[in-house]
Amino acid sequence: MARITVGPFNRVEGDLEVHLDVEGDRVAGARVNSPLYRGFEQILQDKDPLDTLVIVPRICGICSVSQSAAAAAALAQAQGLEPPPNGELALNLLLACENLADHLTHFYLFFMPDFARPVYAGEPWFEAAAGRFRALTGSAGREALAARAQFLHLMGMLAGKWPHTLSLRPGGSTRPVEAQERVRLLAILAAFRRFLEHTLFGDALEAVAALDSDAALRTWTAQAPGRGDFRRFLAIADALGLERLGRAADRFMSYGSYPAGGERLFRAGVWDGSPRPLDPAAIAEDLSHSWMDGPAEPLHPAAGLTRPDADRAAAYSWCKAPRLGGAVVEVGALARQVVDGHPLVRELVAAGGGNVRNRVVARLLEIARVVPEMERWVRTLRPGAPFCHHAPRPEAAAGAGLVEAARGSLGHWLEVRGGRIHNYQIIAPTTWNFSPRDAGGTPGPLEQALVGAPVRAGETDPVAVQHIVRSFDPCMVCTVH
Amino acid sequence: MSLRVLWLQSGGCGGCTMSLLCAESPDLPATLEGAGIELLWHPSLSEASGGEVRALLAAAAAGEAPVDALCVEGSLLRGPHGSGRFHLFAGTGVPLVEWVRRIAAHARYVLGIGSCAAFGGVTAGGGNPTEACGLQYEGDRPGGLLGAGFRSAAGLPVINVAGCPTHPGWVTETLSLLALGELGAADLDPFARPRLYADHLVHHGCARNEFYEYKASAEKASDQGCLMENLGCLGTQAHADCNTRPWNGGGSCTSGGYACINCTAPEFEEPGHPFQTTPKIAGIPIGLPTDMPKAWFVALASLSKAATPSRLRRNATADHTVEAPRIRSTKYR
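Residues numbered from 1 in each chain as written. Chains lettered and ligands numbered in written order. Predicted model: local features only at pLDDT ≥ 70, side-chain atom pairs only at ≥ 80, totals over all residues. Heavy atoms only, no water.

Chain B appears in an unreviewed UniProt entry as hydrogenase (acceptor) from Thioalbus denitrificans. Per its UniProt entry, chain B bears the Subcellular location (unreviewed entry) comment "Cell envelope". (UniProt positions renumbered as here; feature names shortened; annotations may be inferred.)

If you look chain A up in an unreviewed UniProt entry, it shows as Hydrogenase large subunit from Thioalbus denitrificans. UniProt annotates chain A under Sequence similarities (unreviewed entry) with the comment "Belongs to the [NiFe]/[NiFeSe] hydrogenase large subunit family." Turning to chain A, the UniProt record has this under Subcellular location (unreviewed entry): "Cell envelope".

Below, the structure written as C-alpha cells:
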C-alpha cells in the first residue's frame, strides 16, 4: 500500500490537504485535513452581540452573505425580531445572489478546468473542452466572469458591496429599494437569465427546472448536443462515468431555505432513502480527531467549545466532526434538492446516490429554479413600505441561525450574557462534508467518497480525486472559521 | 513590460480574490492581459495543483524562478507559540510564513492584498488566537512578519493594498502601474498604501452629504440621514475612494445603508467600542473629521443643525424620501 499526500489543493476556497492510502490502482482510505486555523469563534468572545454582523462575514469571502444571514437569524431569535415582508425578500435576494454566483464560480472556474488537464489529452472531447474550460485562457471563464460581475450589481444596489456587506440585519435590510431601482433589479436579473439561457443551458430556465427524470434529462441532452455548457458537462460526465465516482454516505440534510410569507422555497429535512424531519437538537460536534481540546463526548453547538490544541494525539485536522444523531450527513445543493423533493434529483439519487455528476447537476438545476423566484421576489417588493425592524441589543439571550449557503447547511449558535457574547459556535457546510473521523472511527463524507477512486499509473495528484473533492465545492476557510 | 505575479493566501477569507473577480470595464482577464500581468500561480484561478505548485514554490524560494510581484492575501499566522503551525502550506508541511519569508527575499515587489496581509486585519482581532500579523505591520506598528527594515528587490517596502475586502480596481491599477515601472515610494502613503486610492476619503462623494452638511442624522439602521453622529460612520476619516469609485456596479457601504468602518486602516477590527455606534462625550462624537478643529466643528454643527430644512430633518429618519425638494420658480438664473 502506498501513501500519498495531495496538496496544495487549489481551486477550492481555502486550504486543503488529502492523505490517501492507495492499493493497486484504487484509493483504499483517505484522511482530509484543513491545514489552516483562524479562530473566529474565539475572536467573537466578549464582543457586543451586534458586532457579529461586522466580524462573521469575514469568515469567508466566497459566502460572506451566508455567514451574515446566519448571524442575523441567530440575533433575530435572540432579540425576538422578524423582518417585514420587504426585508425578508431583500434578505432572500442577497442570499440567492451569492449562492447562484457561487454555483457559477464553482462550475466555470473551479470544477470544469480539470477537464482541460493533459491527462485527458487523448479523449475525443478533449480539444473542445480544453478550449472552452481551460483555466484563465478558456473562452467560458471569461464569459462567466463578465456575467457574474454584472449579476453581482444586485449586491451593489441592495447591499452596498460584496463581499462583506453590513446591510443584512436581524430585522431585515438597511437598504430600502425605490421604485426605479426595482426595475433596475429586474434588468440585472434579465441580463443574467439571458446569459444562463444562452450560454450555460442553451434553453429556457423553466425547461431545465421542469426536467423530472433521468430519461427526461437524457432526451433533453440528446435534443441539442453541445448546446450550452450544461450539456457539454453531461456528455463529459457520461464519457468518464462521473455518476460512478465519489459516492458518500447517501444521507442528506437541509435546513431549508428562502422563507417568504411563512413558507420556504426549499423545505428542511433529512433524506436517507425516505424523508425524515430534521431535529437540530440532534446535532453534535465530535473532537476526537481534531486539533481541539475538549471533552470526549460530542457537544451540541449551543454548548460547544473551540480551544485549539496543535499537539493533540490522534488528531489530523483543524476541522471538527459534526454528526446528526451520531450519523454522517452530506449537505449541499444535492442535499437541498433531494430533501425538497425535486423529481429529477430524487431519481438520480435513488439510482446512484450522491456522486460527482449528481452534485453538479443539482447545483445547475438550482440556478434554473432560483432565478425565476428572484424575479418574483423583486416584483413583490413594495417601495415605500419598511425594509427593517429594530429592537434593542439583547442583554441575556440565546439564538440559533440555520441557513443554506451555496455549499449547504450553515448554523450559528449564539449565547449572550451581560450584553456580551458568552459563546459563539459555527458549523459550516464543509465542516459537515469534510469532517475527519469521529470517536467511532467513522470517516466523514469526503473521506468516504474518496474510497475506491481510481489512481492512474504514475499519478501523484490523481485527477479522479480532484473531481471528487471539487464536486463538493469545498470552502475550507469556512470549515475552520 | 510584463509582471509575473505569484499569489498566496493565508489567514484570510479569500474575499480579496473574490472581490478581484468582480473587476469590470474591462473584466479581469482582459485587464490582466492588457497590462501584461502573468499569473505564475493563483490558488483560485490556476489549473496547476499539487506537485506542480510545490515545484514552483521551491524554485521561487531558491531564487530560481523569477517572481516580479509576490501578492499575499490574508494575515500571516505565526502561532501557536511562534511555530507557524496554524497554517502549514498544504502538501509541504512547511508553515506558510516560512514560504513567504523565503520568496519575499527574491521578489521584485511584495504586496499585501487586503487589510489582513497589510496589518493583521480581522484575524488579529479579539485576543488574536493565531498570533496573526501583517507582512510589514502589526496593527499600526511597523514590523510584522518581514520586519520594518524589509525592502523588496526593487527597493520598496511592502505595498499595502489595504481594504476589507480590497477593491478590484485598487489591485489591478497597482499591479498595472508596477508593470509599467511607474509606482515608486512617493506613490505610497505613510502606511505604504497606494495613494491612487488612499489620498481620498470615503466621505468624498458620499450620497448622504446633504444630510452631513446639516447634521441631519440617521437614528437607526435603514434611515437615510448622515451615519456619523449616531451609527459610527468613519467616512470622514477613512482613506479610500469608495464613494467616487463604485463597488459592484454602483454601490458603497454608505449607499448600502450602513456606516463606513474604516476597513483600509490598521486596527479597524478593534475600534474600542461597538461597531456602528458613535462614542460621544457630552453628546459630541469623539472622532471628528481629521483635519477640522474640534471647536469649529462644534460651532458649525450647532449652526447647521439650527438651519436644517424640514425636508432633510424628516427624510433623515425615514427609510425613503417622505418630503421631496420643492420646485422654486425664480427669474434670476
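Having seen the model, we can carry on.
S.K.: Looking at this structure, I do not really get helix α12 (residues 333-340) of chain A. What am I missing?
M.R.: By the criterion of burial, α12(A) is predominantly enclosed, with eight of the eight residues buried. Within α12(A), burial applies to Ala333(A), Leu334(A), Ala335(A), Arg336(A), Gln337(A), Val338(A), Val339(A) and Asp340(A). (Buried < 20%, exposed > 50% of the residue type's maximum accessible area, 1.4 Å probe, protein only. Helix = DSSP H or I, 4+ residues; strand = E, 2+ residues; numbered from the N terminus.)

S.K.: Sorry if this is basic, but what is going on with the side chain of Lys161(A) here?
M.R.: Note that Lys161(A) resides in the loop between α7 (153-159) and β4 (168-169). Buried and unpaired, Lys161(A) has Asp241(B) as its nearest opposite-charge partner, separated by 11 Å. (Lys, Arg positive; Asp, Glu negative; His and termini not counted. Salt bridge = Lys/Arg side-chain N within 4 Å of Asp/Glu carboxyl O.)

S.K.: Whenever I open this one, the UniProt feature "binding site: [4Fe-4S] cluster 1" (unreviewed entry) in chain B confuses me. Can you help?
M.R.: Here, UniProt's "binding site: [4Fe-4S] cluster 1" (unreviewed entry) annotation points to Cys13(B), Cys16(B), Cys116(B) and Cys164(B). Taking the farthest pair of C-alpha atoms as the criterion, the annotated set spanning 152 residues converges on one region, since that pair is 9.9 Å apart. With respect to the helices and strands, Cys13(B) occurs in the loop between β1 (3-9) and α1 (15-20). Ignoring sequence-local partners within four residues, the contact set of Cys13(B) consists of Glu13(A), Arg38(A), Arg58(A), Ile59(A), Cys60(A), Gly61(A), Ile62(A), His164(A) and Val477(A). Looking at where Cys116(B) falls in the secondary structure, it is placed in helix α5 (residues 115-119). Residue class for Cys116(B) comes out buried when judged on its relative accessible area of 13%. Here Cys116(B) is in contact with Gly11(B), Gly12(B), Gly74(B), Ser75(B), Gly121(B), Val122(B), Thr123(B), Cys133(B) and Gly134(B), once residues within four sequence places are set aside. (Contact = heavy atoms within 4.5 Å.)

S.K.: When you look at the interface of chain A and chain B in this model, what are you seeing that I'm missing?
M.R.: It is common to give the size of an interface as the accessible area lost on bringing the parts into contact. Each partner contributes to the interface: chain A provides 74 residues, whereas chain B provides 74 residues. Summed over both partners, the interface of chain A with chain B comes to about 5900 Å²; 57% of that surface belongs to carbon and sulfur atoms. Note that Glu270(B) and Lys47(A) form a salt bridge whose closest N and O atoms lie 2.3 Å from each other. Taken together, chain A and chain B are joined by 35 residue pairs in polar contact (both at pLDDT 80 or more). Going through the elements one at a time, α1 (40-43), α2 (52-55), α4 (85-111), α6 (139-151) and α7 of chain A are the ones with two or more residues in the side of chain A that touches chain B. It is α6(A) that provides the largest number of residues to the side of chain A that touches chain B, a total of six residues. (Buried area = accessible area lost by both parts, 1.4 Å probe. Polar contact = N/O pair within 3.5 Å; in protein donor to acceptor, adjacent residues only side chain to side chain.)

S.K.: Explain α4(A) to me, please; I cannot follow it from the model alone.
M.R.: Every α-helix carries 3.6 residues per turn, so stepping three or four residues along brings you back to the same face. Residues and elements named next belong to chain A. Given a rise of 1.5 Å per residue, 27 residues ought to cover 39 Å, and the 37 Å separating the end C-alpha atoms of α4 matches this to within 8%. The largest bend along α4 reaches roughly 30° and is located at Thr105. Along α4, 25 of the 27 residues are buried, which leaves the element largely enclosed by surrounding structure. (Expected span 1.5 Å × (residues − 1). Bend = angle between axes of the 7 residues up to and from the residue.)

S.K.: When you look at the state of the cysteines in this model, what are you seeing that I'm missing?
M.R.: Residues and elements named next belong to chain B. Taken as a whole and judged by the stated rule, the model has zero disulfides over all chains. Distance from the sulfur of Cys206, which forms no disulfide, to the nearest cysteine sulfur (Cys233) is 6.5 Å. Taking relative accessible area as the criterion, Cys206 reaches 13% and is therefore assigned buried. The structure places no disulfide on Cys260, whose sulfur is separated from the nearest cysteine sulfur, that of Cys233, by 5.3 Å. (Disulfide = S-S within 2.5 Å.)

S.K.: How should the pairing of strand β14 (residues 408-417) of chain A be read in this particular structure?
M.R.: For a regular strand, side chains alternate in direction, first toward one face of the sheet and then toward the other. Residue and element names in this part refer to chain A. Along β14, eight of the ten residues are buried, which leaves the element largely enclosed by surrounding structure. Bridging between strand β13 (residues 397-405) and β14 involves nine bridges; their strand directions are antiparallel. Each residue of the ladder has a partner; that of Ala400, found in β14, is Trp413. Of the strand pairs in this sheet, β14 and strand β15 (residues 420-427) are connected by seven bridges, and their pairing is antiparallel. Paired with Gly411 across the strands is Ile427, a residue of β15. Count of turn residues in the β14/β15 antiparallel hairpin: two residues, of which Gly418 carries a positive phi of about 60°. (Pairing = 2+ DSSP bridges.)

S.K.: Just to check I follow, could you spell out the pattern of salt bridges for this structure?
M.R.: Here the idea is simple: oppositely charged side chains can pair when their charged atoms come close. All names here are of chain A. All told, the structure shown has 48 salt bridges over all chains when counted by the stated rule. The partner of Arg407 in a salt bridge is Asp102, with the nearest N and O atoms 2.7 Å apart. With Arg407 in the loop between β13 and β14 and Asp102 in helix α4, this residue pair connects regions lying 305 residues apart in the sequence. In this pair, the class of Arg407 matches that of Asp102, namely buried. One salt bridge in this structure joins Glu143 and Arg132, with 3.0 Å as the shortest N-O distance.

S.K.: I would appreciate a short explanation of the UniProt feature "binding site: Fe cation" (unreviewed entry) in chain A in the present structure.
M.R.: Residue and element names in this part refer to chain A. UniProt records the feature "binding site: Fe cation" (unreviewed entry) at Cys63 and Cys478, using the numbering of this structure. On the basis of their most widely separated C-alpha atoms, the annotated residues across 416 residues gather in one place, lying no more than 8.4 Å apart. The class of Cys63 is buried, set by a relative accessible area of 4%. Not counting residues within four places of it along the chain, the set of residues in contact with Cys63 comprises Glu98, Asp102, Arg407, Cys475 and Cys478.

S.K.: How should the sheet that holds strand β1 (residues 2-6) of chain A be read in this particular structure?
M.R.: Backbone hydrogen bonds hold the strands of a sheet together, and the pairing may be parallel or antiparallel. All names here are of chain A. With antiparallel pairing, the three strands of this open sheet are ordered in space as β1-β2-β3. Two strands bound the open sheet, and with one partner strand each, they are β1 and β3 (26-33). Neighbour-to-neighbour, the strand axes of the sheet open up by a mean angle of 20°, direction not taken into account. Pairing geometry for strand β2 (residues 17-23) and β3, over seven bridges, is antiparallel. (Axes fitted to C-alpha atoms, helices over the stretch in contact; angles between N-to-C directions.)

S.K.: Sorry, what's going on with the environment of Ile103(B) here?
M.R.: Residue and element names in this part refer to chain B. The topology assignment puts Ile103 in helix α4 (residues 96-104). Relative accessible area serves as the criterion here: at 1%, Ile103 is assigned to the buried category. When the C-alpha atoms of Ile103 and Ala62 are compared, they prove to be 7.6 Å apart, with 41 residues separating the residues in sequence. With near-sequence residues (within four places) excluded, Ile103 lies in contact with Leu6, Leu8, Leu57, Ala60, Ala61, Val67 and Leu70.

S.K.: Teacher, can you tell me more about the side chain of Arg11(A) here?
M.R.: Following the sequence through the fold, Arg11(A) ends up in the loop between β1 and β2. When residues no more than four places from it in sequence are discounted, the contact partners of Arg11(A) are Leu109(A), Phe110(A), Pro113(A), Asp114(A), Arg117(A), Arg470(A), Pro43(B), Ser44(B), Leu45(B), Ser46(B) and Glu47(B).

S.K.: Where do I start with the packing of aromatic side chains in this structure?
M.R.: The geometry of two aromatic rings is summed up by the distance between their centres and the angle between their planes. All names here are of chain A. For the structure on display, the rule yields 26 aromatic pairs over all chains. A ring pair is formed by Trp291 and Trp318, whose centres lie 5.0 Å apart and whose planes are at 55°; its orientation type is tilted. With a gap of 27 residues between them, Trp291 in the loop between β11 (283-286) and β12 (321-324) and Trp318 in the loop between β11 and β12 connect regions that are remote in the sequence. One exposure class covers both Trp291 and Trp318, and it is buried. (Phe/Tyr/Trp six-rings, centres within 6.5 Å; stacked < 30°, edge-to-face > 60°.)

S.K.: Where do I start with the UniProt feature "binding site: [3Fe-4S] cluster" (unreviewed entry) in chain B in this structure?
M.R.: As recorded in UniProt, the sites labelled "binding site: [3Fe-4S] cluster" (unreviewed entry) are Cys242(B), Cys260(B) and Cys263(B). A maximum C-alpha distance of 11.0 Å among these annotated residues, which run over 22 residues, shows that they cluster at one spot. With respect to the helices and strands, Cys260(B) occurs in the loop between α8 (209-213) and β12 (280-281). Residues contacting Cys260(B), with those up to four places away along its chain left out, are Val202(B), Gly232(B), Cys233(B), Leu234(B), Gly235(B), Ala238(B) and Thr254(B). Position of Cys263(B) relative to the elements: it lies in the loop between α8 and β12. The exposure class of Cys263(B) is buried, given its relative accessible area of 13%. Contacts of Cys263(B), omitting those with residues within four sequence positions, involve Arg58(A), Lys161(A), Ser115(B), Gly163(B), Cys164(B) and Phe268(B).

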